[in-house]
Amino acid sequence: MSHQIKFIMVGGFLGAGKTTTLGRLAKHYTDQGLNVGVVTNDQAADLVDTNSLRSQGLNVGEVAGACFCCHFNSLMDTIGELGSQQRPDVILAEPVGSCTDLVATVIQPIKQLYDADFKIQPYAVLMKPSHGLKILKNEQGSGFSPKAAYILKKQLEEADLILINRIDELSEEAVEELTALVNEQFPGTPVLRTSALTGAGFEGLIEFLEQEGDFGGKILDIDYDIYAEGEAELGWLNSSVHVSAETEFSLDQLLLDVISQLQTSFREQGVETAHLKVIGLWEGFFGVSNLVSNDSEPKLSLASDCTVKEVDLIVNARVACDPDALTEQVMKVLEQCAGALNAKLEYNQTQSFRPGRPVPTHRYATPK
């Protein structure tokens, strides 16, 4: 081979900011003239993340239907497809936000089976402040059970680098408190503070990722029963719908209305949002809104700045509730939002389920 592909995986809990981080990293590497491939991952197809990154002009492949660890061969096939025209210089990989044990089941298999093809860069894991602070402080009312919280802690435990993300949303005191908690509970792991949205701290991240060394070697001591039960507590929904009206409406306002009304519905039902994303796509225009917890502010993370008469919406919801109840709430809100516009609503596809027990293709307990 003429060169090894840099493999950069960025982990973190649902809503930690992985997609925004990968988008910013991809821009950095493409601006350097490098060929970049991005691989997204989810338990179901039709992802907001994939559509959002492709809309930025990136070369994106998707591993759907299971996590990287359980569909390892699909991950490698997808990377191969991304390089069918030109061998990538960099692969950026975004794993499912409820997955952990990725060093033993993804990084180590690449090291031990594809060592000649890939150069493993540091494994960075994003710290999600909204839920992470409560979980690391063992506070009641984090919105998740101890089994789901177990996943977030294990994600941080196997990191080569912990990124405290969304510092633009935090006070200086909150950032200092989070940093102290991370340093106390994960001693020896480097910690950086970043904002994927504004780019603050990204120079430090780029510098860390460019280091030479033996990375991706922290093999977890993990209880797969707790891990599986924690994942199964989350209801997952992916739904694509078409909205059409006789008069023009603001796409961005519709995206915010859907997110805001879903937040109200989840609060009323007493169920916690892990991550909620909605993208609107129509004739080259697109916008994205998201919510990362019940207590967070709904965000228009990417504005379309356009008015339309029709649009395709994709809703990805990860919420700690029964999947059937989640489907009912999402459909009710979509119908309310369409009704307010005197618009027609056509469902293209809806999937809702609980993630099954992780069964990795490979698990290497001894690091290379």
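The structure this text deals with has already been given above.
Criteria and thresholds
Residues numbered from 1 in each chain as written. Predicted model: local features only at pLDDT ≥ 70, side-chain atom pairs only at ≥ 80, totals over all residues. Heavy atoms only, no water. Buried < 20%, exposed > 50% of the residue type's maximum accessible area, 1.4 Å probe, protein only. Helix = DSSP H or I, 4+ residues; strand = E, 2+ residues; numbered from the N terminus. Pairing = 2+ DSSP bridges. Axes fitted to C-alpha atoms, helices over the stretch in contact; angles between N-to-C directions. Left-handed = near helix turned anticlockwise from the far one by under 90°. Contact = heavy atoms within 4.5 Å. Nonpolar A, V, L, I, M, F, W, Y, C, P; charged D, E, K, R; others polar. Phe/Tyr/Trp six-rings, centres within 6.5 Å; stacked < 30°, edge-to-face > 60°. Lys NZ or Arg CZ within 6 Å of the ring centre and 35° of its normal. Expected span 1.5 Å × (residues − 1). Arc of directions from axis to C-beta. Salt bridge = Lys/Arg side-chain N within 4 Å of Asp/Glu carboxyl O. Disulfide = S-S within 2.5 Å. Parallel < 35°, antiparallel > 145°, perpendicular 65-115°, else oblique.

Enquirer: Whenever I open this one, the pairing of strand β6 (residues 124–127) confuses me. Can you help?
Expert: Taken residue by residue, a regular strand's side chains alternate between the two faces of the sheet. Neither face of β6 is exposed, since Ala-124 and Leu-126 on one face and Val-125 and Met-127 on the opposite face are all buried. Judged from the three bridges that link them, strand β1 (residues 5–12) and β6 form a sheet pairing that is parallel. By the bridge assignment, Gly-11 is partnered in β6 with Val-125. Pairing analysis gives four bridges linking β6 to strand β7 (residues 161–164), with the strands arranged parallel. Bridge pairing links Met-127 to Ile-164 in β7.

Enquirer: Is there a simple way to explain the packing of helix α3 (residues 72–82) against helix α4 (residues 102–113) in this structure?
Expert: Helix packing geometry: the angle between the two helix axes and the distance between the axes. α4 packs onto α3 with a crossing angle of 65° between their chain directions and a minimal axis gap of 11 Å. Considering only the axes of α3 and α4, their crossing is right-handed. Between α3 and α4, the contacting residues are Phe-72, Leu-75 and Met-76 on the first element and Thr-105, Val-106, Pro-109, Ile-110 and Leu-113 on the second. Its residues assigned to classes, the contact of α3 with α4 comprises seven nonpolar, one polar and no charged.

Enquirer: Teacher, can you tell me more about the packing of aromatic side chains here?
Expert: The geometry of an aromatic ring pair is captured by the separation of the ring centres together with the interplanar angle, meaning the angle of the planes. For the coordinates displayed, the defined rule picks out six aromatic pairs. Aromatic side chains Phe-72 and Tyr-114 sit 6.3 Å apart centroid to centroid with 45° between the ring planes, which places their arrangement in the tilted category. With Phe-72 in helix α3 and Tyr-114 in the loop between α4 and β5 (118–120), this pair connects stretches of sequence that are 42 residues apart. Exposure remark for Phe-72: the relative accessible area of 0% places this residue in the buried category. With relative accessibility at 28%, the residue Tyr-114 sits in the partly exposed group. Ring centres 6.5 Å apart and planes at 85° place the aromatic pair Tyr-114 and Phe-118 in the edge-to-face group. For Phe-118, a relative accessible area of 8% puts it in the buried group. Taken together, the ring pairs in this structure connect Phe-7, Phe-72, Tyr-114 and Phe-118 into an aromatic cluster. Over the aromatic face of Phe-202 sits the side chain of Arg-24, whose NZ or CZ is 5.6 Å from the ring centroid.

Enquirer: Looking at this structure, how should I read helix α7 (residues 172–185)?
Expert: With 14 residues, α7 extends 20 Å from end C-alpha to end C-alpha; this agrees with the ideal 20 Å at 1.5 Å per step. Looking only at α7, the buried set comprises Ala-174, Val-175, Leu-178, Thr-179, Leu-181 and Val-182. Down the axis of α7, the sector holding all buried residues measures 165°, keeping them to one side. Structural note: α7 exposes Glu-172, Glu-173 and Glu-184 on the side pointing more than 90 degrees away from its buried face.

Enquirer: Is there a simple way to explain the pattern of salt bridges in this structure?
Expert: Any two side chains of opposite charge can pair, given that their charged atoms come close. If you walk through the whole model with that rule in mind, you get 15 salt bridges. Residues Arg-193 and Glu-176 are paired through a salt bridge, measuring 3.0 Å at the closest nitrogen-oxygen approach. Remark: Glu-176 occurs in helix α7 and Arg-193 occurs in strand β8 (residues 191–193); sequence separation between them is 17 residues. A network of salt bridges, in which partner residues are shared, links Lys-137, Glu-139 and Glu-177.

Enquirer: Quick question: what am I supposed to make of helix α5 (residues 129–136) here?
Expert: Given 3.6 residues per helical turn, the α-helix brings residues three or four places apart onto the same face. Residues of α5 that are buried include every one of Pro-129, His-131, Gly-132, Ile-135 and Leu-136, and no others. Considering only its buried residues, α5 is in contact with β6, α6 (146–157), α7 and β10 (273–282). Directly after α5, the chain includes Asn-138, whose backbone phi takes a positive value near 55°.

Enquirer: Would you take a moment to explain the state of the cysteines for this structure?
Expert: By definition, a disulfide links two cysteine residues through a covalent bond between their sulfur atoms. Throughout the structure, instances matching the rule amount to zero disulfides. Free of any disulfide, Cys-99 has its nearest cysteine sulfur in Cys-67, 3.7 Å distant.

Enquirer: What should I look at first to understand the sheet that holds β10 in this one?
Expert: Picture the strands of a sheet paired through backbone hydrogen bonds; they go either parallel or antiparallel. In space, the six strands of this open sheet follow the order β12-β11-β10-β13-β9-β14, with antiparallel pairing throughout. Bordering the open sheet on either side are β12 (299–302) and β14 (344–353), each of which pairs with just one other strand. Recorded for the sheet is a direction-independent mean angle of 20° between the axes of neighbouring strands. Sheet topology note: the strand β11 (residues 285–291)/β12 ladder contains three bridges and is antiparallel. When the bridges of β12 are listed, Val-288 appears paired with Leu-302.

Enquirer: Help me out: how do you make sense of the packing of α5 against α7 in this one?
Expert: Their axes nearest at 10 Å, the elements α5 and α7 cross at an angle of 55°. In terms of orientation, α5 lies oblique with respect to α7. For the crossing formed where α5 meets α7, the hand is left-handed. Residues Pro-129, Leu-133 and Leu-136 of α5 form the contact with α7, whose own contacting residues are Glu-177, Leu-178, Leu-181, Val-182 and Gln-185. Its residues assigned to classes, the contact of α5 with α7 comprises six nonpolar, one polar and one charged.

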